[in-house]
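One-letter residues, chain by chain:
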Amino acid sequence: MSEIFLSGLNESQQKAAKHIDGSLLILAGAGSGKTKTITTRLAYLISIGIDPTSILTLTFTNKAATEMRERAYAMIGSNMSTPPILCTFHKFGLLFLKFYMSELKRKNNFIIIDTDDKKRILRTIEKDIPVAMLVSEISKYKNTLLTPTQVKAGAELKIYQQIADVYEKYENYLLKNNLVDFDDLLLLPYKILSNNEALAKETSGKYQYIMVDEYQDTNELQYKLLRLLCMTHSNLCVVGDDDQSIYGWRGATIKNILNFTEHFENTLVVKLEENYRSTDTILDHANQLIEHNRDRLGKRLIGTRAKGDSVRVYESHDENEETRKIILDVKKLLDSGVRGRDIAVLFRVNALSRSLEEGFNKAGLNYKLVGGMKFYERAEIKDLIAYFRIITNSYDNFSFKRIINKPKRGIGKTTVDKLEAKSVELKKPIFEIIDEFSPDELNAIVGKKNSRTLKVFLASILDLKDTLEESKMRFLDIFEDTFDFRASFENLPDGFERQANIDEFYGYVRDYFIQNPLLELDNFLNEIALGTEDTELENEAISMMSIHASKGLEYKNLFIIGMEEGFFPIVGDGSDTEEERRLGYVAFTRAMDNLTCSFVHSRFYKGKRTSLLKSRFLAESGLIKGSLMIQQQSSSYKKGDLVQHKIFGMGRVQKAVKAGKDFKLTINFGGTKRDILSAFVEKA
Ligand code: ATP
Ligand code: MG
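- Named according to an unreviewed UniProt entry, the chain is DNA 3'-5' helicase originating from Arcobacter nitrofigilis.
- One UniProt comment on the chain, placed under Sequence similarities (unreviewed entry), says "Belongs to the helicase family. UvrD subfamily."

**Topic: the overall build of the chain**
Argument step 1. Along the backbone of the chain there are 29 helices and 22 strands.
Argument step 2. For the chain, the C-alpha radius of gyration of 28 Å lies close to 26 Å, the compact-globule estimate for 684 residues.
Argument step 3. Seen along its three principal axes, the alpha-carbon backbone of the chain occupies a region of about 90 × 60 × 60 Å.
Argument step 4. Taken across its 684 residues, the chain has 39% of its residues classed as buried.
Argument step 5. Of the contacts formed within the chain by residues at least 6 apart in sequence, a portion of 74% connects residues at least 24 apart.

**Considering the environment of aspartate 114**
Argument step 1. When you line up the elements, aspartate 114 lands in the loop between strand E4 (111-112) and helix H5 (115-125).
Argument step 2. Sequence separation between aspartate 114 and aspartate 318 is 204 residues, and the spatial gap between their C-alpha atoms is 34 Å.

**A look at the domain arrangement of the chain**
Argument step 1. Under the domain assignment used here, the chain contains domain 1 (5-96 + 193-272), domain 2 (111-177), domain 3 (280-289 + 298-373 + 538-609), domain 4 (378-389 + 406-519) and domain 5 (642-683).
Argument step 2. Each of domain 3 and domain 5 has a C-alpha centre, and the two are 34 Å apart.

**Structural notes on the packing of H5 against helix H6 (residues 131-143)**
Argument step 1. The interhelical angle for the contact between H5 and H6, taken along N-to-C directions, is 110 degrees, at an axis separation of 10 Å. One way to sum up the angle between H5 and H6 is to call them roughly perpendicular. Judged by residue contacts, Lys118, Lys119, Leu122 and Arg123 of H5 engage Val131, Leu134 and Val135 from H6.
Argument step 2. Residues of the contact of H5 with H6, tallied by class, amount to four nonpolar, no polar and three charged.

**Observations concerning H6**
Because each turn of an α-helix spans 3.6 residues, side chains separated by three or four positions in sequence point in the same direction.
Argument step 1. Taking 1.5 Å of rise per residue, the 13 residues of H6 would be expected to cover 18 Å, and the 18 Å separating its terminal C-alpha atoms lies within 8% of that figure.
Argument step 2. Of all the positions in H6, only Leu134, Ile138, Tyr141, Lys142 and Asn143 are classed as buried.
Argument step 3. Buried-residue contacts for H6 involve H5, helix H7 (148-154), helix H8 (158-176), helix H9 (184-194) and helix H11 (220-229).
Argument step 4. Just downstream of H6, leucine 145 is the residue with a positive phi angle, here 65 degrees.

**Things to note about the environment of tyrosine 170**
Argument step 1. Within the secondary structure, tyrosine 170 is located in helix H8.
Argument step 2. Residue tyrosine 170 is classed as buried on the basis of its 22 C-beta neighbours within 10 Å.
Argument step 3. Between the C-alpha atom of tyrosine 170 and that of leucine 229, which follows or precedes it by 59 residues, the distance is 29 Å.
Argument step 4. Tyrosine 170 has contacts with Ile121, Leu122, Ile125 and Ile138, leaving out every residue within four places of it along the chain.

The rules we used
Think of each chain on its own: its residues are numbered from 1, step by step along the sequence as written. Ligands are numbered from 1 and chains lettered from A, in the order in which they are written. Residues qualify for local features only when their pLDDT is at least 70, as the model is predicted, and side-chain atom pairs are given and counted only at 80 or more; totals for whole chains, interfaces and linings, by contrast, use all residues. UniProt positions are given in the numbering used here, feature names are shortened, and annotations may be inferred rather than shown by experiment. Strands are runs of DSSP state E lasting at least two residues, helices are runs of H or I lasting at least four, and both sets are numbered from the N terminus onward. In this setup the radius of gyration rests on C-alpha atoms only. A globule is expected at 2.2 Å times the number of residues raised to 0.38. To sort residues by exposure, count the other C-beta atoms lying within 10 Å of each residue's C-beta; 20 or more gives buried, 12 or fewer gives exposed, and values between give partly exposed, all with C-beta atoms placed from the backbone. Any residue pair is listed as a contact if its two C-beta atoms, each placed from the backbone, are within 7 Å. Where a domain begins and ends is set by an automatic assignment or by a domain database. For helices, the fitted axis covers only the stretch in contact; all axes are lines through C-alpha atoms, and the angles between them, taken along N-to-C directions, range from 0 to 180 degrees. Note that the term roughly parallel is reserved for angles under 35 degrees, roughly antiparallel for angles over 145, roughly perpendicular for angles of 65 to 115, and oblique for everything else. Here the term charged refers only to Asp, Glu, Lys and Arg, the term nonpolar to Ala, Val, Leu, Ile, Met, Phe, Trp, Tyr, Cys and Pro, and the term polar to all other amino acids, Gly among them. To estimate how far a helix should reach, multiply one less than its number of residues by 1.5 Å.

The structure is reproduced here in structure tokens:
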């Protein structure tokens, strides 16, 4: 019986799905069935009697996990008493920490902070260094397992010394407030496991079969964590595509996939060479585009589908015209019976969604913004979340400060500063100080009126803690009765909208408690921090998302907007053209039947209108003829040829690789090696 669902796979896919013991690497291009293969493998393992709970499948997004679960259950039925664990790396980290946080002498009612919280905390610690730099540096340190002391020891420039200081303070702050950031969800489990061999063995023994989708986007820390999880066996199966590695900027390292066979002995490597997703035409343009990258293993996918319609290129005056064209097309598609879920619009830069959203709203089109945490980023919702955090974890000074005067209760910044200073001095959370200090002692710090207000606030929170334990269903009503939070938006200009958001949020919380009677408020908070998907409601909506968020997904009808230099590819400081091109490849290969690429001559962006040139990717993928500067060049190149470059002068070709109509040349110019497209040189 177990063979039935295997018949949906081709020979190589079957070989991979039926491989049981030992490490396995499936290395293959987009749409070749990697995800389908591991989903089937999951079903296969269960069908031959392997305990579902001993199988751990890690994905990159919640959406991917949900889809995989649905597909696996469709093969084997969902009536297992204990289902397999299928989630993102971060979610797995969270589940693990809920059990083992005590190993680090920390309580397990910690709260996850998001990027926005992280920035606020960092800004309070250090004002002069750009916060984006602090965020990315600290994240880098954590993901490469560097402690503040190690960073300090290695820092030569003063600025890095300073950042190391901030890093140290930031870590202390998280510890004191019992907060964890996204990186901690990987880092802390790693720390726990690497310091406790017995626990590591036990954990590894528990997860006998591990699978990882999108392995090309894992980082060093994830690799190390996987190593620990595999310490008692080598049943690790990973799938990936070097051409789709798009998280280099976040520390993901393609080395993980390139060195897999060295990391794990006796690996079976399976290559999949057919693409089942896209029409031949779409695939051909995607292939042409990615061939301009030098740094790749150089797979080429063969199509299995018919030629299909040609890829359309839309040229518009500005974003309004672009939106109008797309809306017209979308309406036509819907009128002809196409479902909203089969349509998606992708963009490289998130800000481009604004005019699109506006247009879709006006046109009354049902859409969803995938991967955006927009709802939870709204101020009133963040306030509520801060309240709930205080109720579940009173160590959280950060949340305390956010809401102590919301709604207004006369507690100003000076009072908060005094409380904070006391909290630092006594190494105690503010909440505990308010609790433990007598009214007189508290008077002495903040004055009589404030002291009374704080004591009342404390009592309310403690009452709510009790209510929460007694009846989760009554909790929200009592919360509202106590603080009049919703009512406080009554007469504000945008009060109506905010109250609607609050109602929606209360609705979510109630629903969560109904669906998960055994879970607590902190589970809810952590799940929203990780961004759960509620696909149910939105199944029929048209999707809009960044290319990053579209990884692994597929749509019958796809639009890619913003194909202009500067927007896609992003150019300039710190940008990586090869990674941008991989993003292009990811974007193109999401399309199954129809692909439309759109560019405009100008966009309103960051407060001003800017003129733009069309993306080089349009020419590179063969969608338009010629390009901005590249002239037709038909001569052929080989190692040893002498060439002349306008700026670098005479050089000798060391390596020549065919790339579309051109050659990618590695040229030695008087001792300096440079990679140059043949269109930019002449034979000498
Ligand atoms: P990506 O790199 O984008 O994540 P992938 O390699 O994971 O792609 P899948 O999403 O697993 O590819 O498969 C792409 C599409 O091809 C899916 O619609 C899948 O159902 C279909 N497919 C995969 N293998 C086969 C097969 N052997 N026969 C028919 N269809 C297949
Ligand atoms: Mg996939």
